[in-house]
Amino acid sequence: MSTEMDIDPPPTTATITTTTTTKPTKSSSKFQTLTQTTIRSPVFSYAHLSLVSPFPSSSSSSSSSSQNTPSLDTLTARHYLTTALRQFLGDTGASLAIDMLLVKGTECWVRVPREDLAAFAAAVTAYPGHNVGGEEEQMLMRVVGCGDWLGALVGREGQGRVWG
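Residues numbered from 1 in each chain as written. Predicted model: local features only at pLDDT ≥ 70, side-chain atom pairs only at ≥ 80, totals over all residues. Heavy atoms only, no water.

### Some thoughts on the packing of aromatic side chains
Now for step 1: For the structure on display, the rule yields zero aromatic pairs.
Now for step 2: The side chain of Arg-111 reaches across the aromatic face of Phe-44, ending 4.1 Å from its centre. (Phe/Tyr/Trp six-rings, centres within 6.5 Å; stacked < 30°, edge-to-face > 60°. Lys NZ or Arg CZ within 6 Å of the ring centre and 35° of its normal.)

### A word on the pairing of strand β5 (residues 107-113)
On a regular strand, one side chain projects to one face of the sheet and the next to the other, so that they alternate.
Now for step 1: Counting buried positions over the seven residues of β5 gives five, a clear majority of the element.
Now for step 2: Across seven bridges, strand β3 (residues 44-52) lies against β5 in antiparallel orientation. Paired with Ser-45 across the strands is Val-112, a residue of β5.
Now for step 3: Where strand β4 (residues 99-104) lies against β5, five bridges are found, and the strand directions are antiparallel. Opposite Asp-99, over in β5, you have Arg-111 as the bridge partner.
Now for step 4: The hairpin turn running from β4 into β5, its antiparallel successor, is two residues long, and Gly-105 in that turn takes a positive phi close to 65 degrees. (Buried < 20%, exposed > 50% of the residue type's maximum accessible area, 1.4 Å probe, protein only. Helix = DSSP H or I, 4+ residues; strand = E, 2+ residues; numbered from the N terminus. Pairing = 2+ DSSP bridges.)

### Concerning helix α2 (residues 74-89)
Now for step 1: Relative to the 22 Å expected for 16 residues at 1.5 Å per residue, α2 spans 22 Å between its end C-alpha atoms, a close match to the ideal helical length.
Now for step 2: Of the positions making up α2, those classed as buried are Ala-77, Tyr-80, Leu-81, Ala-84 and Leu-85. Buried residues in α2, looked at end-on, bunch into an arc of 125 degrees, giving them a common side. Away from its buried face by more than 90 degrees, α2 exposes Leu-75 and Gln-87. (Expected span 1.5 Å × (residues − 1). Arc of directions from axis to C-beta.)

### Brief notes about the side chain of Ser-50
Now for step 1: Note that Ser-50 resides in strand β3.
Now for step 2: For Ser-50, a relative accessible area of 6% corresponds to the buried category.
Now for step 3: The residues touching Ser-50, leaving out its near neighbours within four places in the chain, are Thr-106, Glu-107, Leu-140, Met-141, Arg-142 and Val-144. (Contact = heavy atoms within 4.5 Å.)

In structure tokens form, the structure reads like this:
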């Protein structure tokens, strides 16, 4: 009596098709597909975050809130994100792998594992903010955009200036 298990192989993440022809015919088009690659599930997802002050300080109410917001550095951004993740998900959230790709001015770009993107975005969105020093002013991270493809997020950067 054989006890074989019928196990389905894991789905492939890439399909590669190669076609070549030796002699073009008049009925065929001038363009041929030599290699076609389909990526179905990327390993990482990306998020574009911005540091904002939800309540502008009363001392300079005439100036914009972006002038009141201090610039970010890598350690400060990581601290804000780790605090938000720890408050939302506990120690499991604090241990989430976050790769800081770019920190510039008040914006930062991060890479997280794809399966953790929803929890990451929820934690950052739900975090009420972080007090800056001894001041009354609060700073929080705002999710500008997130997705599986970095190129699509970079293309969104100018949408606010065009449509806003």
